[in-house]
Structures are given as C-alpha cells and as structure tokens.
Amino acid sequence: MKKESSDKLIKRVFKRAVFFALIFILTIFVFTKSVLYCIIFFVGSSVSLLGFYLMILVVDRVIQKRKGKGLFILAGFGKMILISVIFIIISRYSEPAVLFYLFGLSVIIFSIIGEGGRQIYRSFKDGA
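Calculation rules
Residues numbered from 1 in each chain as written. Predicted model: local features only at pLDDT ≥ 70, side-chain atom pairs only at ≥ 80, totals over all residues. Heavy atoms only, no water. Salt bridge = Lys/Arg side-chain N within 4 Å of Asp/Glu carboxyl O. Helix = DSSP H or I, 4+ residues; strand = E, 2+ residues; numbered from the N terminus. Buried < 20%, exposed > 50% of the residue type's maximum accessible area, 1.4 Å probe, protein only. Expected span 1.5 Å × (residues − 1). Polar contact = N/O pair within 3.5 Å; in protein donor to acceptor, adjacent residues only side chain to side chain. pLDDT = per-residue confidence, 0-100. Phe/Tyr/Trp six-rings, centres within 6.5 Å; stacked < 30°, edge-to-face > 60°. Core = buried A, V, L, I, M, F, W, Y, C linked by side-chain atoms within 4.5 Å. Patch = residues over 30% accessible without salt bridge, like charges linked within 9 Å, V, L, I, M, F, W, Y side chains within 5 Å. Areas by Shrake-Rupley, 256 points an atom, 1.4 Å probe, with all protein chains shown as cover. Contact = heavy atoms within 4.5 Å.

**Overview of the pattern of salt bridges**
Now for step 1: By the definition in use, this model includes 3 salt bridges.
Now for step 2: We note a salt bridge from Glu 115 to Arg 12, for which the minimum N-O separation is 2.8 Å. On the criterion of sequence distance, the pair formed by Glu 115 in helix α5 (residues 107-125) and Arg 12 in helix α1 (residues 6-32) is long-range, its members being 103 residues apart.
Now for step 3: Owing to a relative accessible area of 3%, Glu 115 belongs among the buried residues under this scheme.
Now for step 4: Three or more residues joined by partner-sharing salt bridges are found here, namely Arg 12, Arg 16, Glu 115 and Arg 118.

Given below as structure tokens:
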C-alpha cells in the first residue's frame with residue numbers, strides 16, 4: 001500500500017466536507033424552501049471547518065515546538081465560546097434553526113467518517 005502525506009489527507013477531508021456542505025445546503029433548500037435555514041447550516045459548517053483547521057494548526061505547533069499546551073487549551077476554549085455564542089443567537093430564532101446549526105457543525109464529522117471509509121476500502125482493495 002502506497003504511503004501518502006498527511007497534507008493530502010487533510011485536503012481530502014476539507015474537500016469532502018465542502019462537498020457535503022454544498023449537497024446538504026441544496027437538500028435543505030429543496031425540502032424547506034428557506035434560505036435562512038441554508039445560511040444557518042452554512043454558518044454551522046463554516047464554524048466546524050474553521051475549528052478543525054485551527055485544531056490542526058495548534059496541534060502541529062505543539063508537536064513541533066514541544067510547547068504551547070496553554071495555546072491548545074486556549075484555542076479549545078475559544079472554539080467552544082464561538083460555538084456557544086452562535087448557538088445562543090440561533091436558538092432565539094426557532095427550534096429547526098438550532099437543528100440545522102447542529103447539523104452544520106457535524107459536517108466535518110461526516111467528512112472524517114467518509115475518509116475513514118475510504119481508507120478501509122483502500123486497505124481491502126490493496127490486500128493489506
């Protein structure tokens with residue numbers, strides 16, 4: 001089985017997440033006919049992608065410099081505060097809006113699961 005770099009893997013995860021987000025936005029619009037719900041989903045998925053990217057940067061820095069653990073904790077708290085503030089704002093609108101926001105936050109999880117499935121398929125295909 002051919003070894004690949006982590007940069008390629010991360011780029012694939014991001015591409016898959018953007019693809020899922022676009023498909024889900026289209027599906028949300030078809031079923032709800034609400035642009036607002038699409039925007040709320042987009043905000044959730046953007047926060048998800050931003051949080052994942054920030055996590056990658058911070059973890060790389062901590063591993064390379066062997067310090068900055070406080071930055072790791074601070075970045076985690078910052079992400080949680082951002083997610084919470086947006087959640088509070090959206091929760092004042094309606095219950096379905098909250099569900100679409102949470103669904104948007106889970107886009108990166110779907111993307112990572114998809115990449116895991118791809119890796120499993122690849123290992124079976126290559127006979128490993």
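**Structural notes on helix α2 (residues 35-65)**
Now for step 1: If you check α2, its first and last C-alpha atoms are 45 Å apart, about what 31 residues at 1.5 Å a residue would give, namely 45 Å.
Now for step 2: A side-chain oxygen of the first residue of α2 lies 3.4 Å from the backbone nitrogen of Leu 36; this N-cap is Ser 34.

**Points about the confidence of the model for the protein**
Now for step 1: On average, residues of the protein carry a pLDDT of 89, and 94% of them reach 70 or more.
Now for step 2: Across the protein, the secondary-structure element scoring lowest on mean pLDDT is α5, at 89, and the one scoring highest is helix α4 (residues 95-105), at 94.

**Focus on the packing of aromatic side chains**
Now for step 1: The tally for this structure, following the rule as stated, stands at 11 aromatic pairs.
Now for step 2: Both rings, one in Phe 24 and one in Phe 110, keep their centres 5.9 Å apart while their planes meet at 65°; by these two values the pair is edge-to-face. Residue Phe 24 is found in helix α1, and its partner Phe 110 is found in helix α5; the two are separated by 86 residues along the sequence.
Now for step 3: Three or more aromatic residues joined by ring pairs make a cluster, and in this case those are Phe 19, Phe 20, Phe 24, Phe 41, Phe 103 and Phe 110.

**A closer look at the side chain of Ser 106**
Now for step 1: Mapped onto the elements, Ser 106 comes out in the loop between α4 and α5.
Now for step 2: Reaching out from Ser 106, the side chain makes a polar contact with the backbone oxygen of Phe 103 at a distance of 2.6 Å.

**What about the nonpolar core?**
Now for step 1: Among the nonpolar cores identified, the biggest contains 22 residues, and Ile 28, Tyr 37, Ile 40, Phe 52, Ile 90, Tyr 101 and Ile 108 are the most heavily contacted of them.
Now for step 2: Breaking this core down by element, the ones donating at least two residues are α1, α2, α3 (69-91), α4 and α5.
Now for step 3: With 8 residues, the top contributor of residues to this core is α2.

**Re unusual backbone geometry**
Now for step 1: Phi at Lys 33 takes a positive value of approximately 55°, unusual for a residue other than glycine.
Now for step 2: By the secondary structure assignment, Lys 33 is in the loop between α1 and α2.

**A look at a nonpolar patch on the surface**
Now for step 1: Taken together, the side chains of Met 55, Phe 72, Ile 73, Phe 77, Ile 81, Val 85 and Ile 89 present a nonpolar region at the surface, about 690 Å² in accessible area.
Now for step 2: With respect to the element layout, Phe 77 can be found in helix α3.
Now for step 3: Overall, the relative accessible area of 53% leaves Phe 77 in the exposed class.

**Here's the deal with the side chain of Ser 111**
Now for step 1: Positionally, Ser 111 belongs in helix α5.
Now for step 2: Judged by its relative accessible area of 0%, Ser 111 is buried.
Now for step 3: Within the structure, the side chain of Ser 111 is placed 2.5 Å from the backbone oxygen of Val 13, a separation counted as a polar contact.
Now for step 4: A distance of 3.3 Å separates a polar atom in the side chain of Ser 111 from the backbone nitrogen of Ala 17.
Now for step 5: Leave out the neighbours within four places in its chain, and Ser 111 touches Val 13, Arg 16, Ala 17 and Phe 20.

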